[in-house]
2 protein chains.
Amino acid sequence: MKKSLGPKTLLCPTPVVLVGTYDQAGKPNLMTAAWAGICCSKPVCVNVSLRAATYSHRQIVRNQTFTLNVPSAAQVREVDFVGMASGRDRDKFAELGWSAVPSELVNAPLVAEVPLCLECKVVVTNELGLHTQFVGEVLDVKLEEAVMDQAGNLDPVKFEPLAYLPDAKLYLGLSRVVGGGFELGKELLAKKAL
Amino acid sequence: MKKSLGPKTLLCPTPVVLVGTYDQAGKPNLMTAAWAGICCSKPVCVNVSLRAATYSHRQIVRNQTFTLNVPSAAQVREVDFVGMASGRDRDKFAELGWSAVPSELVNAPLVAEVPLCLECKVVVTNELGLHTQFVGEVLDVKLEEAVMDQAGNLDPVKFEPLAYLPDAKLYLGLSRVVGGGFELGKELLAKKAL
């Protein structure tokens, strides 16, 4: 039996990303976002939504670029801190002892300590209400070699993905690798259609 | 040491959703999508991206409504099948023995067997390239009572969230509770700023 909950931000899992920007003084900053994802395969685009009140929002509007830095579950304390502190009065890179690496492609910093980084330039801005959705074309993806499998793909055991469950406000990690996409459904696909 | 991979659709985890629509004959249909997420808290909006070539794309364009049905990891075979078969020549609801429940709010079907359903009306359409991104305002969220915790929130152990890892094409289960959002970072937040 399902219960009607009204409109609420409940979809799971959501990714957890650290949005990298430079402020007007050139100081690198990060904020945590979970309203984000992939939205186009060609050109490769991602989307991330920020409230206009955040310090990072104005930097993206001005620079029209950002990075998405995807942390592992082992970095959850840093991630949660980044989501609570504001770049207006804190230097989050310095406080965490993290290194802001200038991107050669966009005017935004990469986080050296985070295993997966995407360099993005804004191609669409959607004012949706409380949040502005920025769609960014991905100019490059940089992945730590230590978290790759033998085929060069991201290994979800070496790099435990971190997700967020809105409603219950919980960070989630990997319970298991369930199986292969475009593989597990083959038996059902091969059945004679009704 | 990070390796540059060029632009690729690598962000993790992505959610896995079953997009519900009616076709022109009124037949309920589903497709699997992983390019999806939450994009605004007020009004509550979600986004999902579909290729124009898919059967579901044209139904959303015509009806301007859709549902997102969020399956649990236990339903991964059905999910993968739904992602490989087309509603043009298959009746996926009938083949799976699933029930399409008419929504009272939008012109799209809900999946009775899936624990979390969102009813959405299109508010923005972004033609990004290979994919069209539909932003839907969420009119209602319906959650199975059996997967709720005592506070009425989605319990990620009772309902193991299913994620997709693009690159390696793996389905992941994400039931490991890492900790609380706006909790784990408090110690770092309380430190004296540098």
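Keep in mind it's a predicted model, so treat the numbers as computed, not measured.

What counts, and at which threshold
- Residues numbered from 1 in each chain as written.
- Chains lettered and ligands numbered in written order.
- Predicted model: local features only at pLDDT ≥ 70, side-chain atom pairs only at ≥ 80, totals over all residues.
- Pairing = 2+ DSSP bridges.
- Helix = DSSP H or I, 4+ residues; strand = E, 2+ residues; numbered from the N terminus.
- Least-squares fit on C-alpha atoms with pLDDT ≥ 70 in both.
- Contact = placed C-beta atoms within 7 Å.
- Core = buried A, V, L, I, M, F, W, Y, C linked by C-beta atoms within 7 Å.
- Buried ≥ 20, exposed ≤ 12 C-beta atoms within 10 Å, placed from the backbone.
- Nonpolar A, V, L, I, M, F, W, Y, C, P; charged D, E, K, R; others polar.
- UniProt positions renumbered as here; feature names shortened; annotations may be inferred.

A. Representation of the sheet that holds strand β12 (residues 162–165) of chain B within the structure. Within the open sheet, the four strands sit side by side as β14(A)-β13(B)-β12(B)-β2(B). Their pairing is antiparallel. Each edge of the open sheet is held by one strand with a lone partner, namely β14 (176–180) of chain A together with β2 (14–15) of chain B. Here two bridges tie β2(B) to β12(B), and the two strands are oriented antiparallel to one another. Looking across to β12(B), one finds that T14(B) is bridged to Y164(B).

B. Local environment of the relation of the copies chain B and chain A. Once chain B has been moved 0.0 Å along the axis and rotated by 180 degrees, it coincides with chain A to within an RMSD of 0.4 Å. Classification of the inter-copy transformation places it as that of a two-fold axis. Ranked by how close their C-alpha atoms come to the rotation axis, the residues of chain B are headed by L174(B), at 1.8 Å. Looking at chain B, 99% of its interface residues are interface residues in chain A too, so the copies touch through the same face.

C. Examining the nonpolar core more closely. Among the nonpolar cores identified, the biggest contains 124 residues, and V46(A), V48(A), L68(A), V46(B), V48(B) and L68(B) are the most heavily contacted of them. Each residue touching V48(B), except ones within four places of it in the same chain, is listed here: V17(B), V19(B), A33(B), W35(B), A36(B), L68(B) and F134(B).

D. Up close: the pairing of strand β3 (residues 17–22) of chain A. All names here are of chain A. With six of its six residues buried, β3 lies for the most part within the structure. Side chains of β3 alternate between two faces, with V17, V19 and T21 and L18, G20 and Y22 buried alike. As paired strands, β3 and strand β4 (residues 28–33) are joined by six bridges and run antiparallel to one another. For V17, the partnering residue across the bridge sits in β4 and is A33. Between β3 and β4, which pair antiparallel one after the other, the connecting turn spans five residues, and G26 there sits at a positive phi close to 85 degrees.

E. Fine view of the pairing of strand β13 (residues 170–173) of chain A. Side chains of β13(A) alternate between two faces, with L170(A) and L172(A) and Y171(A) and G173(A) buried alike. Relative to β13(A), strand β12 (residues 163–165) of chain A is paired through three bridges, and the arrangement is antiparallel. Within the sheet, the bridge partner assigned to Y164(A) lies in β13(A) and is Y171(A). If you look at the hairpin formed by β12(A) and β13(A), you'll find four residues sitting between the two strands, and K169(A) has a positive phi there, around 55 degrees. Of the pairings in the sheet, the one linking β13(A) to strand β14 (residues 176–180) of chain B comprises four bridges and is antiparallel in character. Paired with L170(A) across the bridge in β14(B) is G180(B).

F. Quick peek at the interface of chain B and chain A. Contact with chain B, which involves 96 residues of that partner, is made by 95 residues of chain A. Tallied by class, the residues present in the side of chain B that touches chain A amount to 56 nonpolar, 20 polar and 20 charged.

G. The arrangement of the sheet that holds β12(A) in detail. Here four strands make up an open sheet; going across it, the order is β2(A)-β12(A)-β13(A)-β14(B) and the pairing antiparallel. Where the open sheet ends on each side, the last strands, each with one partner, are β2 (14–15) of chain A together with β14 of chain B. With two bridges joining them, β2(A) and β12(A) adopt antiparallel strand pairing. Bridge assignment links P15(A) to a residue of β12(A), and that residue is A163(A).

H. Quick peek at unusual backbone geometry. Residues and elements named next belong to chain B. Cis geometry marks the peptide bond from C12 to P13, where omega comes out at -5 degrees. Here K42 and P43 are connected by a cis peptide whose omega angle stands at -5 degrees. Mapped onto the elements of the fold, P43 is located in the loop between β5 (36–41) and β6 (44–51). Positioned with a positive phi, Q64 is a non-glycine residue whose angle comes to about 60 degrees. Looking at the element boundaries, Q64 is found in the loop between α1 (55–63) and β7 (65–70).

I. A look at the UniProt feature "domain: Flavin reductase like" (unreviewed entry) in chain A. Under the present numbering, the feature "domain: Flavin reductase like" (unreviewed entry) in UniProt falls on residues 10–155 of chain A. This span, residues 10–155 of chain A, is 16% helix and 45% strand, and a straight line between its end C-alpha atoms measures 27 Å.

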